[in-house]
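The chain contents come next:
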Amino acid sequence: MNDIEQLRNWRNNIHDTYQGAYRKQWDRAITKKSMRAAVNAKCQECMNWQYAEVKQCNLIHCPLWQYRPNQEKESTREAEIREIAKTITGDAPEK
Ligand code: SF4
């Protein structure tokens, strides 16, 4: 499979819901128009284009977790996880 086929196949398999919103987001990501679109597209793909699943993702080790779409405003949990991460990476003194 060449590059064109690979990209076309992938694009054609993106769920065509919300008036093609997921596909449009992938388009913006793959053409390097938006890093936010890239993060959103990756999370949506990861959760099989299930809006609610992305919102509820609990894989806190994922490097995209703090940036995943569909979050409420900054939650206490995200702040807590970030503080723990700072501690284990040496960004903050251990308590
Ligand atoms: S943050 Fe969650 S939904 Fe997004 S890529 Fe990581 S594991 Fe998947």
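For the structure, check the block above.
Here goes a summary of the coordinates provided.

Conventions adopted
- Residues numbered from 1 in each chain as written.
- Predicted model: local features only at pLDDT ≥ 70, side-chain atom pairs only at ≥ 80, totals over all residues.
- Near = placed C-beta within 6 Å.
- Helix = DSSP H or I, 4+ residues; strand = E, 2+ residues; numbered from the N terminus.
- Nonpolar A, V, L, I, M, F, W, Y, C, P; charged D, E, K, R; others polar.
- Buried ≥ 20, exposed ≤ 12 C-beta atoms within 10 Å, placed from the backbone.
- Axes fitted to C-alpha atoms, helices over the stretch in contact; angles between N-to-C directions.
- Parallel < 35°, antiparallel > 145°, perpendicular 65-115°, else oblique.
- Left-handed = near helix turned anticlockwise from the far one by under 90°.
- Contact = placed C-beta atoms within 7 Å.

**Focus: the site of the ligand**
Here's step 1: Around the ligand sit Lys42, Cys43, Cys46, Met47, Val54, Cys57, Leu59, Cys62, Leu64, Trp65 and Arg68, and that is every residue in its neighbourhood.
Here's step 2: With three residues, helix H3 (residues 35-46) is the largest single contributor of residues to the shell around the ligand.
Here's step 3: Here the residues of the shell around the ligand sort into nine nonpolar, no polar and two charged.

**Topic: unusual backbone geometry**
Here's step 1: Of note, Tyr18 is a non-glycine position whose phi angle comes to about 50°, a positive value.
Here's step 2: Within the secondary structure layout, Tyr18 lies in the loop between helix H1 (3-13) and helix H2 (21-30).
Here's step 3: Tyr18 sits in the exposed class, given 12 other C-beta atoms within 10 Å.
Here's step 4: Even without being glycine, Asn48 reaches a positive phi, approximately 55°.
Here's step 5: Structurally, Asn48 can be placed in the loop between H3 and helix H4 (51-56).
Here's step 6: Owing to 9 C-beta atoms within 10 Å, Asn48 belongs among the exposed residues under this scheme.

**Considerations on the packing of H2 against H3**
Here's step 1: The interhelical angle for the contact between H2 and H3, taken along N-to-C directions, is 130°, at an axis separation of 8 Å. The pairing of H2 with H3 is recorded here as oblique in orientation. H3 is crossed by H2, and the crossing has left-handed handedness. Counting all contacts with H2, which are made through Tyr22, Gln25, Trp26, Arg28 and Ala29, the residues of H3 involved are Ala37, Ala38, Asn40, Ala41 and Gln44.
Here's step 2: A breakdown of the residues in the contact of H2 with H3 according to their chemical character gives six nonpolar, three polar and one charged.

Any functional reading would require information that these geometric values do not contain.
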